[in-house]
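A closer look at the structure
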Amino acid sequence: MDTTTLSQLDMRAVRQTIATVLKSRKELPVLDGDGETDVSDMGHFITVNRVTSELIGEEYKFDAKREVEIITVTRETLISVNAFGKNSYLIIEKLATVLRTSYAQSLLTRIGVGLVRKSQIRNLPTAIAGGKEQRAQIDLTLSHIHRIETPINQARTVDITLYED
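The notes below deal with the structure included here. (Residues numbered from 1 in each chain as written. Predicted model: local features only at pLDDT ≥ 70, side-chain atom pairs only at ≥ 80, totals over all residues. Heavy atoms only, no water.)

Counting its secondary structure elements, the protein contains three helices and nine strands. Helices and strands appear in the protein in the N-to-C order β-α-β-β-β-α-α-β-β-β-β-β. The globule rule puts the C-alpha radius of gyration for 165 residues at 15 Å, and the 22 Å found for the protein is more than 25% above it. Considered along the principal axes of its C-alpha atoms, the protein spans approximately 85 × 40 × 25 Å. Counting only residues that meet the buried cut, the protein has 35% of its 165 residues in that class. Considering only intrachain contacts with a sequence separation of at least 6, the fraction spanning at least 24 residues in the protein is 66%. Counting every atom, the protein has about 10900 Å² of accessible surface; 49% of that belongs to carbon and sulfur. Across the protein, the mean location of the 21 positive side-chain charges is 14 Å away from that of the 22 negative side-chain charges. (Helix = DSSP H or I, 4+ residues; strand = E, 2+ residues; numbered from the N terminus. Rg over C-alpha atoms; globule rule 2.2 N^0.38 Å. Buried < 20%, exposed > 50% of the residue type's maximum accessible area, 1.4 Å probe, protein only. Contact = heavy atoms within 4.5 Å. Areas by Shrake-Rupley, 256 points an atom, 1.4 Å probe, with all protein chains shown as cover. Lys, Arg positive; Asp, Glu negative; His and termini not counted. Charge placed at Lys NZ, Arg CZ, Asp CG, Glu CD.)

Another point: the pairing of strand β3 (residues 45–63). With three bridges joining them, strand β2 (residues 30–32) and β3 adopt parallel strand pairing. Among the inter-strand pairings, Val-30 is bridged to a residue of β3, identified as Ile-46. Where β3 folds back on strand β4 (residues 68–84), the antiparallel hairpin that results is connected by four residues, among which Glu-67 adopts a positive phi of roughly 55°. (Pairing = 2+ DSSP bridges.)

Moving on, we get to the packing of helix α1 (residues 11–22) against helix α3 (residues 102–110). For the pair α1 and α3, interaxial distance at closest approach is 10 Å and the crossing angle is 165°. Overall, the two elements α1 and α3 adopt an arrangement that is roughly antiparallel. Between α1 and α3 the crossing geometry is right-handed. Seen from α1, the contacting residues are Thr-17, Thr-20 and Val-21; seen from α3, they are Tyr-103, Ala-104, Leu-107 and Leu-108. When the residues that make up the contact of α1 with α3 are grouped by side-chain class, the tally is five nonpolar, two polar and no charged. (Axes fitted to C-alpha atoms, helices over the stretch in contact; angles between N-to-C directions. Parallel < 35°, antiparallel > 145°, perpendicular 65-115°, else oblique. Left-handed = near helix turned anticlockwise from the far one by under 90°. Nonpolar A, V, L, I, M, F, W, Y, C, P; charged D, E, K, R; others polar.)

Using the criterion set out here, one finds five salt bridges in the structure. The salt bridge involving Glu-149 is made with Arg-66; its shortest N-O contact spans 2.6 Å. Placement of the pair is Glu-149 in strand β9 (residues 135–151) and Arg-66 in the loop between β3 and β4, with a sequence separation of 83 residues. Arg-66 gets classed as partly exposed once you look at its relative accessible area, which sits at 46%. For Glu-133, the salt bridge identified is with Arg-135, shortest N-O distance 2.7 Å. What makes Arg-135 partly exposed here is its relative accessible area of 24%. (Salt bridge = Lys/Arg side-chain N within 4 Å of Asp/Glu carboxyl O.)

Below, the discussion takes up the side chain of His-144. Structurally, the position occupied by His-144 is in strand β9. A distance of 2.6 Å separates a polar atom in the side chain of His-144 from a polar atom in the side chain of Thr-77. (Polar contact = N/O pair within 3.5 Å; in protein donor to acceptor, adjacent residues only side chain to side chain.)

Another point: α3. Restricting attention to buried positions, one finds in α3 the residues Ala-104, Leu-107 and Leu-108. Viewed end-on, α3 has its buried residues packed into an arc of 100°, placing them on one side of the element. Residues of α3 that are exposed and angled more than 90 degrees away from the buried face: Ser-102, Thr-109 and Arg-110. Tucked into the core, α3 has its buried residues touching α1, α2 (88–98) and β5 (114–118). Residue Gly-112 follows α3 closely and has a positive phi angle near 80°. (Arc of directions from axis to C-beta.)

Here it is, written out as structure tokens:
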């Protein structure tokens, strides 16, 4: 039985959207927070990663003609956006503001995501070997659907065996 994913949260598209609205493709890389990118030579960068995903609702459909069942799950996923380096707080503050624009909303809609809420911006300077590093963070709650399709073959004939006691 092969299950096909028809729709799900695309974290790569979320990172690209954040980079686009900040207009920071190369000078401020937006990285996968769960990845293992070497950042030792980067002066500043942003990471994005999933934290939690909460189930909001489920829908089940059966398509008898195609003999498939389609499961659609609506979720709210909390993602953490972290900025590291010079002006990190200002970058996160700009992101929080820019996400309210019609342009940003249309980009999010295009990737199948709705912005439900934003957390407070947290200023998190951290002591490192060379002194202090500026860091800031915001959490974004994104609404999206996860839809799968799986075959469910109809039983056309059934063998029945009767036993008497």
